[in-house]
Amino acid sequence: MHRIDSQQTWPLHGVQASRELEALTAAPPHTLMQKAGLSVARLARALAPHARHVWVACGPGNNGGDGFEAALHLKRQGLDLTLTWLSGQSQPSDARASRERALHAGVRISDQPPGDFDLAIDALLGLGGGRPNRGGASPTLVDWLERLSETDRPVLAVDLPSGLDGDTGAGARFSPRPRRRHTLSLLTLKPGLFTAQGRDQAGQVWFDDLGADLQAVAADAYLLGADKLPSWDKAQALHDSHKGRYGDVLVVGGQSQAPHMTGAALLAARAALHAGAGRIFVCSLGPTPLKADPVQPELMFRELTELGPLHARMTIVCGCGGGGAVTQVLPHILGCEGPLVLDADALNAIAEQTQLRLELQQRSTRPTLITPHPLEAARLLDCPVSEVQADRIAAARALCEALSCTVVLKGSGSVIASPNVPPVINPTGNALLATAGTGDVLAGLIGA
């Protein structure tokens, strides 16, 4: 069993890929569910070692079967159990066998959840449970889900928090309470645990592959870990070096006609400086461009015409606080040969003008990266923001294919999509980034 953090890269398998791997791993019959239930019981004891009363909420499918298996082991260890079962029309054979094993071991099914408990195990819906809501789900399921959502006791979800889409991270309409929440993902890690609503609903994610060969089925995406990040410390570089060896970054933005927007370009430029770029130039747009930064006087302010052909080979970060003025310079910038990072107003201009979109697509052989937040992504895709957030991985892929560039779709579990490779989810960050200017800093960091 593994505790999932940001240190290691992991393959992610969606619902269909997980089903394929399950079919390859299922023999001999019923052993996979027994392994899953034992794993759940072990983690439950580790998370709440002093728990005496455990509520196990089981659903009608195989997720509920895992819950029955876990209850069997917890019962044998002497814990006081309340097991509630949301019975269905017909229970799968493996789940039915696990229910019979649990009942034979002395586990009893209760009609009502306990008034108090030390730990709850959510084995209601799992991988194939869909997205219940207050209008379409049974009153009993809604009641149990609300109790699981509102409790301040530890909750361990089996495979997926009930109602969470394993592919997209779209969640049921129940208020998540991330406090003391855990999810044990079984057989595979699902992409939905790490983006959209998944991170809030899943809490701390744990993983047990149950002995499966994860390479037997191609991954749908990857969870990015520190082990795959380039390791570079400028302080450890060669002593015999100079600023010309560490690249030039040109930040184009900060429309001077709108003074409240100039800070965006400065944030991006300062970020590029602190990330190790050798020289940072700033081209602020408008009739009275900025000439200096009193906080970082080493930033060099120029107009595009002053840089001559040099800027065509620089890494350019364009759009941070550019306002409408960025539209005038974008055709020239899109034609430059060097790497290009497009953010904010540059993306809005491309969404509005077909010609700019075509010129971006023509950069397919040159390093190009865009950093939209969900609203900017929706503008580029000409769809509602809700559609982007309903399937963030699909939205990032669609932008990557449509614009022939790398896409960093910002948000909880930022999705990075590049041509011809599986997408990557960044598991780091938190709500401290939900403030103005962090996107500009990101653009500058990427430029560096």
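Just so it is clear, the model here is predicted, and its values are computed rather than measured.

Q: Go over the layout of surface pockets with me, naming the residues and quoting the values.
A: It is a probe the size of a water molecule, rolled over the atoms, that shows where empty space is left. Of the volumes computed, that of the largest pocket is approximately 1500 Å³. Val408, Ser414, Asn426, Leu433 and Leu442 are, among the 45 residues lining the largest pocket, the residues nearest its centre. Going through the elements one at a time, α6 (198–202), α10 (345–352), β17 (406–409), β18 (414–417) and α15 (438–447) are the ones with two or more residues in the lining of the largest pocket. Ranked by residue count, the leading element in the lining of the largest pocket is α15, at 7 residues. Looking at the lining of the largest pocket residue by residue, the classes come out as 20 nonpolar, 18 polar and 7 charged. The volume enclosed by the second largest pocket comes to roughly 510 Å³. In terms of lining, the second largest pocket is formed by 25 residues, of which the most central are Arg19, Glu22, Asn62, Asn63 and Asp66. Counting residues per element, the ones that place at least two in the lining of the second largest pocket are α1 (15–25), α2 (31–47) and α3 (62–76). Among the residues making up the lining of the second largest pocket, the classes are represented as 11 nonpolar, 8 polar and 6 charged.

Q: Summarise the sheet that holds strand β9 (residues 204–208); cite the residues concerned and give the values.
A: The sheet built from 8 strands is open, its strands ordered β1-β9-β8-β7-β6-β3-β4-β5 with mixed pairing. Each end of this open sheet is capped by a strand with a single partner; those strands are β1 (2–3) and β5 (109–110). Strand direction decides the pairing type here: strand β3 (residues 53–58) and strand β6 (residues 119–123), joined by 5 bridges, are parallel. Bridge pairing links cysteine 58 to alanine 123 in β6. This element, helix α5 (residues 139–150), spans β3, β4 (80–85), β6, β7 (155–158) and β8 (181–186) of the sheet and lies at about 135 degrees to β3.

Q: Tell me about the pairing of β9, and please be specific about residues and values.
A: A large share of β9 lies buried, amounting to 5 of its 5 residues. Burial along β9 is two-sided: the residues Gln204, Trp206 and Asp208 and Val205 and Phe207 are all buried. Sheet topology places β1 next to β9; 2 bridges connect them, and they run antiparallel. Looking at β9, one finds that histidine 2 is bridged to phenylalanine 207. Bridge analysis of β8 against β9 gives 5 bridges, and the strand direction is parallel. Its bridge partner being in β9, leucine 186 is matched across the sheet by aspartate 208.

Q: Any details on the sheet that holds strand β10 (residues 221–223)? Residues and values, ideally.
A: Ordered in space as β2-β10-β19-β18-β17-β16-β15-β14-β11-β12-β13, the 11 strands form an open sheet in which the pairing is mixed. The open sheet has two edge strands, β2 (10–12) and β13 (300–301), and neither has a second partner. Where strand β15 (residues 340–342) meets strand β16 (residues 368–370), 3 bridges bridge the pair, whose relative direction is parallel. Each residue of the ladder has a partner; that of leucine 340, found in β16, is threonine 368.

Q: I'd like to hear about the packing of α10 against helix α12 (residues 374–381), residue by residue, with values.
A: It is the contact of α10 with α12, at a shortest axis distance of 8 Å, that shows an interaxial angle of 20 degrees. Relative to α12, the element α10 is oriented roughly parallel. As for the relative orientation of α10 and α12, their crossing is left-handed in sense. Of α12, the residues touching α10 (which contributes Leu347, Asn348, Ile350 and Ala351) are Glu376, Arg379 and Leu380. Taken together, the residues of the contact of α10 with α12 break down into 4 nonpolar, 1 polar and 2 charged.

Q: Lay out the pairing of strand β11 (residues 248–253) with the relevant residues and their values.
A: Counting buried positions over the 6 residues of β11 gives 6, a clear majority of the element. Residues Asp248, Leu250 and Val252 point to one face of β11 and Val249, Val251 and Gly253 to the other, with burial holding for every one of them. Where β11 meets strand β12 (residues 279–284), 6 bridges bridge the pair, whose relative direction is parallel. Following the sheet pairing, valine 251 is matched in β12 by valine 282. As paired elements, β11 and strand β14 (residues 315–318) share 4 bridges and run parallel to each other. The residue bridging valine 251 from the neighbouring strand is valine 317, located in β14.

Q: Mind laying out unusual backbone geometry, listing which residues take part and the relevant values?
A: With a phi close to 55 degrees, leucine 210 is a non-glycine residue in the positive phi region. When you line up the elements, leucine 210 lands in the loop between β9 and β10. You can call leucine 210 buried: its relative accessible area is 7%. We note that asparagine 420 has phi near 70 degrees; this positive angle belongs to a residue other than glycine. Along the chain, the position of asparagine 420 falls in the loop between β18 and β19 (424–426). For asparagine 420, a relative accessible area of 83% gives the class exposed.

Q: An account of the environment of cysteine 336 is requested, with residue identities and associated values reported.
A: Within the secondary structure layout, cysteine 336 lies in the loop between α9 (326–334) and β15. Taking C-alpha positions, cysteine 336 is 30 Å from cysteine 383, a pair spaced 47 residues apart along the chain. What cysteine 336 contacts, discounting residues up to four positions off in sequence, is His311, Ala312, Ile316, Arg363 and Arg366.

Q: Requested: an account of the nonpolar core, with residues and values cited.
A: Judged by nonpolar contacts, the single largest core of 93 residues is most densely connected at Phe194, Leu250, Val252, Cys318, Leu330 and Leu342. Beyond its immediate chain neighbours, meaning those up to four positions away, phenylalanine 194 contacts Ile4, Leu12, Leu189, Arg199, Val205, Leu223, Ser412, Gly413 and Ile425. Val251, Leu266, Ala268 and Cys320 belong to the second-largest nonpolar core, a separate cluster that totals 20 residues.

Q: An account of the side chain of glutamate 376 is needed here, citing residue identities and associated values.
A: Structurally, glutamate 376 is set in helix α12. Lacking a salt bridge, the buried glutamate 376 has lysine 410 as its closest oppositely charged neighbour, with an N-O distance of 4.8 Å. Apart from residues lying up to four places away in sequence, glutamate 376 is in contact with Asp343, Ala344, Leu347, Asn348 and Thr371.

About the thresholds
Residues numbered from 1 in each chain as written. Predicted model: local features only at pLDDT ≥ 70, side-chain atom pairs only at ≥ 80, totals over all residues. Heavy atoms only, no water. 1 Å grid on protein atoms, 1.4 Å probe; cavity = no way out; pocket = protein on both sides within 12 Å on 5 of 7 lines; lining within 4 Å. Points joined across faces, edges and corners; volume = space filled by probe spheres on them. Helix = DSSP H or I, 4+ residues; strand = E, 2+ residues; numbered from the N terminus. Nonpolar A, V, L, I, M, F, W, Y, C, P; charged D, E, K, R; others polar. Pairing = 2+ DSSP bridges. Contact = heavy atoms within 4.5 Å. Axes fitted to C-alpha atoms, helices over the stretch in contact; angles between N-to-C directions. Buried < 20%, exposed > 50% of the residue type's maximum accessible area, 1.4 Å probe, protein only. Parallel < 35°, antiparallel > 145°, perpendicular 65-115°, else oblique. Left-handed = near helix turned anticlockwise from the far one by under 90°. Core = buried A, V, L, I, M, F, W, Y, C linked by side-chain atoms within 4.5 Å. Lys, Arg positive; Asp, Glu negative; His and termini not counted. Salt bridge = Lys/Arg side-chain N within 4 Å of Asp/Glu carboxyl O.

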